[in-house]
Amino acid sequence: MFTGLVDDVGLIEHVADTPAGRDLRIASRYTDLTDGESIAVNGACLTVREHGVTSPGHGWFTVAAVVTTIDRTTIGGWCAGDRVNLERAMKLGDRLGGHLVLGHVDGLGRVLATRDAGDAWLVDLELPPSMQRLMVDKGSVTVNGVSLTVNELLPTGVQLSIIEYTRRHTTLGTLVPGMAAHVEADVLAKHVERLLSPWLRSPGAHTLATALTELQS
């Protein structure tokens with residue numbers, strides 16, 4: 001479980017393709033990792049296999065992405081020299097500054113446009129149709145591991161408003177039109193959709209509001 005608050009930006013040092021997927025070695029500031037712990041890498045929850053320290057305040061770790069993960073993420077295109085957002089799993093009792101994030105990428109968004117708007121940087125993100133209905137105005141969404149608020153709903157996705165601090169301390173500042181990004185919908189929205197799915201599939205329930213009305217009756 002994560003919060004979507006990135007606490008380091010790692011550097012991919014080495015990538016190797018294997019029959020099972022891809023192995024990656026990532027340099028970071030983490031020097032107290034343990035074998036088997038979870039780390040969100042650009043929002044994808046991966047398991048630490050090996051780790052070490054190169055100098056005070058500088059460490060490295062390796063993770064493996066299986067074929068299924070590669071098929072659902074952009075990891076297949078990562079190369080040595082790429083920077084990635086990192087977050088270690090939260091501890092019970094930690095402050096929840098973002099929102100509950102599982103580290104399970106639901107789909108790939110595509111950047112349609114970016115532009116400056118005063119004290120914020122706006123990003124228009126196209127989403128797969130299956131994810132569009134999970135978005136709500138001013139709701140939570142995770143993009144490349146970063147907890148963000150939906151600034152505006154768009155016909156095919158969402159608009160994100162990224163503050164200067166987030167832009168400097170994550171890789172979101174490198175997003176450009178046409179680029180793909182990992183997107184995880186709010187887990188609460190996914191559970192609500194699952195619970196309401198029988199009513200949403202019924203002949204007379206064309207909208208979420210209709211399904212909610214039928215559920216209450």
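Our subject is the structure that appears above.
A brief report on the enclosed structure follows. (Residues numbered from 1 in each chain as written. Predicted model: local features only at pLDDT ≥ 70, side-chain atom pairs only at ≥ 80, totals over all residues. Heavy atoms only, no water.)

1. Quick look at the sheet that holds strand E1 (residues 8–18)
- Pairing within the open sheet is antiparallel, and its seven strands lie in the order E4-E3-E7-E1-E2-E6-E5. Edge positions in the open sheet fall to strand E4 (44–47) and strand E5 (50–55), since each of these has one partner strand only. When strand polarity is set aside, the average angle formed by the axes of neighbouring strands in this sheet is 35°.
- Across three bridges, the pairing between strand E3 (residues 38–41) and strand E7 (residues 83–88) is antiparallel. (Pairing = 2+ DSSP bridges. Helix = DSSP H or I, 4+ residues; strand = E, 2+ residues; numbered from the N terminus. Axes fitted to C-alpha atoms, helices over the stretch in contact; angles between N-to-C directions.)

2. What to know about the sheet that holds strand E11 (residues 146–154)
- If you trace the six strands once around the closed barrel, you get E8-E9-E12-E11-E10-E13, paired in antiparallel fashion. Taking the axes of each pair of neighbouring strands and ignoring which way they run, one obtains an average angle of 45° across the sheet.
- In the sheet, strand E9 (residues 120–126) pairs with strand E12 (residues 157–163) via seven bridges, with the strands oriented antiparallel. The residue of E12 that forms the bridge with Trp121 is Ile162.

3. Concerning the pattern of salt bridges
- Throughout the structure, instances matching the rule amount to 12 salt bridges.
- Between Glu193 and Arg133 there is a salt bridge whose closest N-O contact spans 2.2 Å. Of the two residues, Glu193 is situated in helix H4 (residues 187–200) and Arg133 in the loop between helix H2 (129–132) and strand E10 (140–143); the sequence distance between them amounts to 60 residues.
- By relative accessible area, which is 56% here, Arg133 ends up exposed. (Salt bridge = Lys/Arg side-chain N within 4 Å of Asp/Glu carboxyl O. Buried < 20%, exposed > 50% of the residue type's maximum accessible area, 1.4 Å probe, protein only.)

4. Some words on the environment of Val146
- Here Val146 shows up in strand E11.
- In this structure Val146 comes out as buried when scored by relative accessible area, which is 4%.
- Distance in space between the C-alpha atoms of Val146 and Leu86 is 9.3 Å, their sequence separation being 60 residues.

5. Here we look at the side chain of Ser197
- Considering the arrangement of structural elements, one finds Ser197 in helix H4.
- Residue Ser197 is classed as buried on the basis of its relative accessible area of 15%.

6. Section: the pairing of E3
- Here E3 runs beside E4; their pairing, made up of four bridges, is antiparallel. Within the sheet, the bridge partner assigned to Ser38 lies in E4 and is Thr47.
- Taking the residues that link successive antiparallel strands as the turn, the E3-E4 hairpin has two residues, and the phi of Asn42 there is positive, at about 50°.

7. Considering unusual backbone geometry
- Notably, Asn42 is not glycine yet its phi reads approximately 50°, a positive angle.
- Exposure remark for Asn42: the relative accessible area of 7% places this residue in the buried category.
- A positive phi angle, near 65°, is found at Lys138, a position not held by glycine.
- With respect to the helices, strands and loops of the structure, Lys138 is situated in the loop between H2 and E10.

Just geometry here; none of it tells us what the structure is for.
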